[in-house]
Amino acid sequence: MDQTQIAATATDENHNDNLSVPYGLIRTVRHYLEFVGVLSYIRGLKTKGVRLDLIVVALCMYTMHISNSMNACAKWLENPAVRRQLGFSSKDEISQRTLNRAIVILGENREGIITQLWKGIKERFEIDDYDINLDGSAVVLYGPKSEYGEMGYGRDKNRGKLQVEFMVAQLASLGIPIYIKPYTGSTSDEAQYRDCVPELAGLMSGEGLHSLDSLKESTDAEEEGEASLSVVAAVALLGAAIVADNGAASNKNTRRMESCGFSYLTRVDINASDLKNIDEHCSEFEYVGDGMMCYTHHFTSSGRTTYLFLSRDLLEKGRYKSRERLKKDLKRYEDAKEGNLRRSDYVKISKVPWIEVDVKLTLQEQLVPYSEMDVERLVRDRMGVKCGFFKLESNLKLTAKEALTKYRRRVGVEHLISSLKRITGIKPIRVWNKESVDGSMTLALLSEAAIAMARHCMPATEDPPKEVPEGTNEEDVEPPRKHKPSTESMVRSLFQLTLTGFRKDKGPYNEVLSNWDAISKAVFDDIHLHESPEWGSCKVGSW
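No experiment lies behind these values; they were computed from the predicted model shown.

Criteria and cut-off values
Throughout, a residue's number is its position along its own chain's written sequence, starting from 1. Reporting in this predicted model follows two pLDDT cut-offs: at least 70 for local features of residues, and 80 or more for side-chain atom pairs to be given and counted; totals over whole chains, interfaces and linings ignore these cut-offs and use all residues. Each side-chain value is derived from all of the structure's non-hydrogen atoms; neither hydrogens nor water enter the calculation. Helix numbers and strand numbers start at the N terminus; a helix is a DSSP run of H or I with at least 4 residues, a strand a run of E with at least 2. By definition, residues are in contact when any of their heavy atoms lie within 4.5 Å. We call two N or O atoms a polar contact when they sit within 3.5 Å, provided that within protein one can donate a hydrogen and the other can accept it, with sequence-adjacent residues counted only if both atoms are side-chain atoms. For two strands to be treated as a pair, DSSP must find at least two bridges joining them. Here an axis means a line fitted to C-alpha atoms, over the contact stretch when the element is a helix, while the angle between two N-to-C directions is reported on a 0 to 180 degree scale. Working definition: roughly parallel below 35 degrees, roughly antiparallel above 145 degrees, roughly perpendicular at 65 to 115 degrees, and oblique for all remaining angles. We call Asp, Glu, Lys and Arg charged. Ala, Val, Leu, Ile, Met, Phe, Trp, Tyr, Cys and Pro are nonpolar, and the rest, Gly among them, are polar. Relative accessibility under 20% of the residue-type maximum defines a buried residue, over 50% an exposed one, and the middle range a partly exposed one, all with a 1.4 Å probe and only protein chains included. Here, a salt bridge means any Lys or Arg side-chain nitrogen found within 4 Å of an Asp or Glu carboxyl oxygen.

Looking at the environment of D135
- Among the secondary structure elements, D135 is positioned in strand β2 (residues 132-140).
- The contact partners of D135, leaving out residues within four places of it in the chain, are F166, M167, V168, Y193, D245, R410, V413, E414 and I417.
- Of the polar contacts made by the side chain of D135, one reaches the side chain of R410; its length is 3.2 Å.

With respect to the sheet that holds strand β3 (residues 163-171)
- Spatially, the 9 strands line up as an open sheet ordered β4-β3-β2-β5-β6-β10-β9-β8-β7, and their pairing is mixed. The two strands at the open ends of the sheet, each matched to only one other strand, are β4 (176-184) and β7 (286-289). Shown here is a sheet whose adjacent strand axes are inclined to one another by a mean of 25°, direction ignored.
- Where β7 and strand β8 (residues 292-298) come together, 3 bridges link them in antiparallel fashion. Bridge pairing in β8 links Y287 to M293.
- Contacts between helix α15 (residues 411-422) and the sheet are confined to β2, β3 and β4, with β3 contributing the most and set at about 135° to the helix.

Here we look at the packing of helix α3 (residues 52-65) against helix α6 (residues 96-108)
- Look at α3 against α6: their axes get within 10 Å of each other, and the N-to-C directions meet at 100°. With respect to α6, the axis of α3 lies roughly perpendicular. Here L52, I55, V56 and L59 of α3 come into contact with α6, specifically with T98, L99, A102, I103, I105 and L106.
- Classifying every residue of the contact of α3 with α6 by side-chain character gives 9 nonpolar, 1 polar and no charged.

Some remarks on the environment of K119
- Along the polypeptide, K119 turns up in helix α7 (residues 110-124).
- According to the relative accessible area criterion, K119 is partly exposed, its value standing at 44%.
- Expressed as a C-alpha distance, the spacing of K119 and G206, which sit 87 residues apart in the sequence, is 8.0 Å.

Points about the packing of helix α1 (residues 23-35) against helix α17 (residues 487-496)
- Two elements in contact, α1 and α17, have axes separated by 5 Å at closest approach and are oriented at 115°. Facing G24, L25 and T28 of α1, the residues of α17 in contact are V491, L494 and F495.
- Split by residue class, the contact of α1 with α17 holds 4 nonpolar, 2 polar and no charged.

Considering the pairing of β4
- Counted residue by residue, β4 has 8 buried out of 9 residues, so it is predominantly covered.
- Here β3 runs beside β4; their pairing, made up of 8 bridges, is antiparallel. Within β4, the residue paired with E165 across the bridge is Y183.
- A loop of 4 residues connects β3 with β4, the two strands running antiparallel in sequence, and G175 in this loop sits at a positive phi of about 75°.

Some details on the pattern of salt bridges
- Within the structure shown, the criterion is met by 26 salt bridges.
- One salt bridge connects D131 with K406, and the closest N-O pair in it is separated by 2.5 Å. Of the two residues, D131 sits in the loop between α7 and β2 while K406 sits in helix α14 (residues 400-408), which places them 275 residues apart along the sequence. Judged on exposure class, the residue D131 and its partner K406 are both buried.
- D329 serves as the salt-bridge partner of R382, at 2.0 Å between the closest nitrogen and oxygen. Of this pair, R382 sits in helix α13 (residues 372-383) while D329 is found in helix α12 (residues 312-337), placing the two residues 53 residues apart along the sequence.
- Look at D329 and you get partly exposed, because its relative accessible area is 25%.
- Through salt bridges with shared partners, one network takes in E34, R43, R51 and D53.

Here it is in structure tokens:
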């Protein structure tokens, strides 16, 4: 039904049993997980009691926009009208224990669910390229007895807390997550990449996540026999590249990617030879547009190519930060001249119970008085030679612009990690045992995948053309940018599309959909298209 508007004068403020259910979010999650066969697979994991696929849809919806509390979700599901909209029968009883058991089942079958998700995506979507954006992060774990809970590098200001590390992979061309795996809180980036890259190769080849397990320790594919070589060949034929940050940049990791059939593009640290190139080959930097210049160096012996970029935006940000830090230093200088010499501004003292340390400061002025020229010189010194530069490395022979475009697309996995933490309910992890942590991660992956599929099917909106000043170089003219809504915007829109049940006096029970907007209309247009008999086995095209 269409949206109904009720005049303010007709509002009835008496108590009633009307109920609004987030129909848009429920319908979207259910459709896209069924679209790729995940719900059909999940139905077969539990044959008795309450249907597992219905529980998964309810949990995806609830964790995305309310919380990851199983207790609160169980109370929400006590309402018979909510259960009816989710497809549960009137006899179904969904307790907190039922939900916890469902999470455990998801965790026990994490690999099978991921395999089915990837299989369904390949069958239902046209894939232009198979590049993988790969990255990891960590979340706080509330459970001191958990197998995953360990102290590690403090991310998100988690210092001093137990945490769980995880790796997540996203199909770059579609923006859909396809893989997630948790690790203990102290697992290094090196170990995580060593473990997950062979699994991704096995997944994408169709031979199974563990078909290249032997490469988790070895980086020589030729030692693994014909079975492994067939997997590596299948991945190589896809032309897939792993795009990652510095965590994957070690020689062992890049060799492992190549041994698994992947190409790679990673960000690497700037070294002494790069500084030498900046000094000696400054005239060889080519302009690639958008305020970026690049010096490309191909190594014939190893087949790798490095791209040393200079970014105008990064340079200006570095100058601004250096100037702001210098302002604080000048403020301390002025305070010191006036006799306000604070020890805390210059010295950090570690407190030890058995030792009392006293530090005395003396002041020696070097710039008296300081001039604007002195300030500019100090800003440049603070910026350093590396300011504004960053370096990429690949085993592909890409142009500088191609490498930059491919790497910039990696921002999608960073947005995905942020969404996993803020929207789809893995921050903090509130379950303890291994299977439950695996299940929570799997549930979040399915939630993100459903919304990502819906977003991919939507047409992008384009910015209106901007006026270009006369004399502007063609390379500096930015093409109109295309936009699609974020996960947060889509979840908010679909959650607000509600199905309200109401009864007037003793009349029949009626239902009405409310709060349509541009996002929910576009999503439901695609859903109706996929469900039409004419669609059949067609694939969703790329936009």
